[in-house]
Amino acid sequence: MATTARGFLLVNKHFQVESFQNKEINQMKKAVKDEMRMASASSRRKIISQEYDVRKKHFGFVNVATGEERQKLDSWKSNISGGSGRLLQDGLVYRQNFLVRSFEICFDGKLSLAALTNYLQDTALEQCRVIGISADGFGSTPEMSRQDLIWVTSTLQIVVDSYPSWHDCVEVDTWFYPSGQNSVGRDWVVRDGKTGSTLAQATSLWVLMNKKTRKLSKLKEEIRDELAPHMRNCDPIIVKDSRKLLRLDVDTADFAREGVKVVPRSCVEHHKLSAITLEYRKECTTDSVLQSLARIVKDGVRHNSNDKVIELEHLLLLENGSEIARGSTSWTPRDFPAEITTNHKVLITEPAK
């Protein structure tokens with residue numbers, strides 16, 4: 001009976017200590033988040049690591065060898081610093097892991113381009129949230145929100161070496177840097193979570209737009225000061241294609257469609273997108289009626305080239321003829337499994353004359 005009573009007291013004491021620690025942890029997490037909201041841009045990055053060290057010393061973690069307390073500590077730091085992502089390289093690079101899910105793949109079992117661009121967007125916004133400069137949840141700094149300014153993409157270039165498959169773990173790194181007087185550059189590297197090999201790279205330019213007037217705005221000094229402590233001093237990860245994107249003519253384009261189908265079906269079925277460059281000219285709304293033009297620049301099949309690469313130029317227009325975006329894409333043949341290739345003849349059709 002005495003042993004049972006002593007065991008009950010020990011268990012009860014354990015729950016009392018755990019309850020106290022949880023209360024202390026919650027209070028500390030609230031204090032850290034409040035402090036990050038009030039801190040200046042230059043001091044936000046130091047807060048997470050400082051509070052991490054304080055908590056580590058405060059609780060002691062007697063049995064670190066079991067790994068349980070270490071997991072609790074890392075979990076606490078993860079909750080403060082952005083869920084599954086974390087800051088690297090003095091807080092200037094944000095890394096987040098993704099598991100490729102079934103609804104993110106194409107018919108060939110590979111990650112879709114749409115899902116890949118979702119990863120890029122998610123990591124960009126998460127980095128802004130983690131470092132404490134996202135005032136409205138979509139990357140706007142406090143000063144941007146006060147001035148009714150938002151970020152819009154000016155250019156985007158993506159180069160894909162290999163698409164991951166269903167259930168693969170994908171690691172995405174992102175960072176941003178100054179680019180000219182009125183724009184900010186943001187880059188990404190997408191890697192295989194197991195091997196570390198590069199799957200894709202992307203680079204982009206962002207400018208400010210007034211969300212009420214829909215006009216572009218200068219990058220004012222107050223906003224630049226908010227961003228400066230978190231910017232890397234680097235060049236774009238992808239060298240910009242020197243070829244100028246030209247305006248297509250509806251009468252000479254190889255493909256012209258109403259709606260948003262920007263490439264011929266045969267190209268999508270038998271080729272995968274390996275590179276894309278976009279230049280944004282004008283915004284459109286959900287009610288806009290669009291016209292899409294495409295022109296073949298290089299057709300490897302028609303020219304008997306060994307690389308079998310297809311290159312297209314694109315133009316997206318409003319129904320009144322105003323340009324929304326210009327673009328270029330490169331397509332390489334898909335690697336179909338034998339069982340698919342047997343019953344699926346690969347054919348690239350000539351454009352209609």
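Everything discussed here concerns the structure shown above.
A. Inspection of the packing of aromatic side chains at higher detail. In total, this model carries 1 aromatic pair according to the counting rule given. Taking 4.2 Å as the distance between ring centres and 10° as the angle between the ring planes, the aromatic pair formed by F98 and Y119 counts as stacked. Of this pair, F98 sits in strand β2 (residues 93-99) while Y119 sits in helix α4 (residues 113-130), and the two are 21 residues apart along the sequence. Across this residue pair, the class does not change: F98 and Y119 are buried. Cation over ring: R232 sits above W175, and NZ or CZ is 4.9 Å from the ring centre.

B. Layout of the pairing of strand β11 (residues 310-318). For β11, the tally of buried residues reaches 9 of 9 residues, placing the bulk of the element in the interior. A two-sided burial pattern is seen for β11, the buried positions comprising I310, L312, H314, L316 and L318 on one face and E311, E313, L315 and L317 on the other.

C. Quick peek at the environment of A115. Examined against the element boundaries, A115 turns out to sit in helix α4. Here A115 falls in the buried class, since its relative accessible area comes to 5%. It is 7.8 Å that separates the C-alpha atoms of A115 and I105, two residues lying 10 residues apart in sequence.

D. Main features of the layout of surface pockets. Looking at the largest pocket, its volume works out to about 1,200 Å³. If you trace the largest pocket, you find 34 residues lining it, with W151, V152, T153, S154 and W206 closest to the centre. Of all the elements in the fold, those that place two or more residues in the lining of the largest pocket are α4, β3 (149-160), β5 (183-192) and β6 (198-210). Here the element with the most residues in the lining of the largest pocket is α4; it accounts for 7 residues. Tallied by class, residues from the lining of the largest pocket come to 20 nonpolar, 7 polar and 7 charged.

E. Geometry of the environment of E104. Here E104 shows up in the loop between β2 and α4. Linking E104 and A114, residues 10 residues apart in sequence, is a C-alpha distance of 8.0 Å. Reaching out from E104, the side chain makes a polar contact with the backbone nitrogen of R101 at a distance of 2.9 Å.

F. Region of interest: the side chain of E171. Assignment of secondary structure puts E171 in strand β4 (residues 169-179). In this structure E171 touches R95, Q96, N97, V189, V190, R191 and G193, once residues within four positions along its chain are discounted.

G. Layout of the environment of Y280. By secondary structure assignment, the location of Y280 is in strand β9 (residues 271-280). Sequence separation between Y280 and E323 is 43 residues, and the spatial gap between their C-alpha atoms is 8.6 Å. Those residues in contact with Y280 that lie beyond four places of it in its chain are T153, S154, T155, L156, I324 and A325.

H. Seen up close, unusual backbone geometry. Here Q89, not a glycine, exhibits a phi torsion of approximately 50°, which is positive. Considering the arrangement of structural elements, one finds Q89 in the loop between β1 (86-88) and β2. For D148, which is not glycine, the phi torsion reads 60° and is therefore positive. Structurally, D148 is set in the loop between α5 (142-146) and β3.

Conventions adopted
In this convention, every chain numbers its residues from 1, walking through the sequence in written order. In keeping with the model being predicted, local features are shown solely for residues with a pLDDT of at least 70 and side-chain atom pairs are shown and tallied solely at 80 or more, while totals for entire chains, interfaces and linings include all residues. Water and hydrogen atoms were dropped before computing side-chain values, which therefore reflect all heavy atoms in the structure. Centres within 6.5 Å make a pair out of two Phe, Tyr or Trp rings, where for Trp the six-membered ring is used; the pair is then stacked when the planes are under 30 degrees apart, edge-to-face when over 60, and tilted otherwise. Helix numbers and strand numbers start at the N terminus; a helix is a DSSP run of H or I with at least 4 residues, a strand a run of E with at least 2. Here's how the labels work: a residue is buried when its accessible area is under 20% of the maximum for its type, exposed when over 50%, partly exposed in between, all with a 1.4 Å probe on protein chains only. In this scheme, the term charge over a ring applies when either NZ of a lysine or CZ of an arginine sits within 6 Å of the ring centre and within 35 degrees of the ring normal. Residues are called lining when one of their atoms sits within 4 Å of a cavity or pocket point, these points coming from a 1 Å grid over the protein atoms alone, where a cavity is a set in which a 1.4 Å probe fits but cannot get out and a pocket is an open set with protein on both sides within 12 Å along at least five of seven lines. Grid points are joined across faces, edges and corners, and a volume is the space filled by probe spheres set on the points. Just so you know the grouping, Ala, Val, Leu, Ile, Met, Phe, Trp, Tyr, Cys and Pro go in nonpolar, Asp, Glu, Lys and Arg go in charged, and all remaining residues, Gly too, go in polar. Under the rule applied, a polar contact is a pair of N or O atoms within 3.5 Å (in protein, one hydrogen donor and one hydrogen acceptor; residues adjacent in sequence only if both atoms are side-chain atoms). Residue contacts are defined here by distance: any two heavy atoms, one from each residue, within 4.5 Å place the two residues in contact.

Remember, this is a structural readout, not a statement about activity or role.
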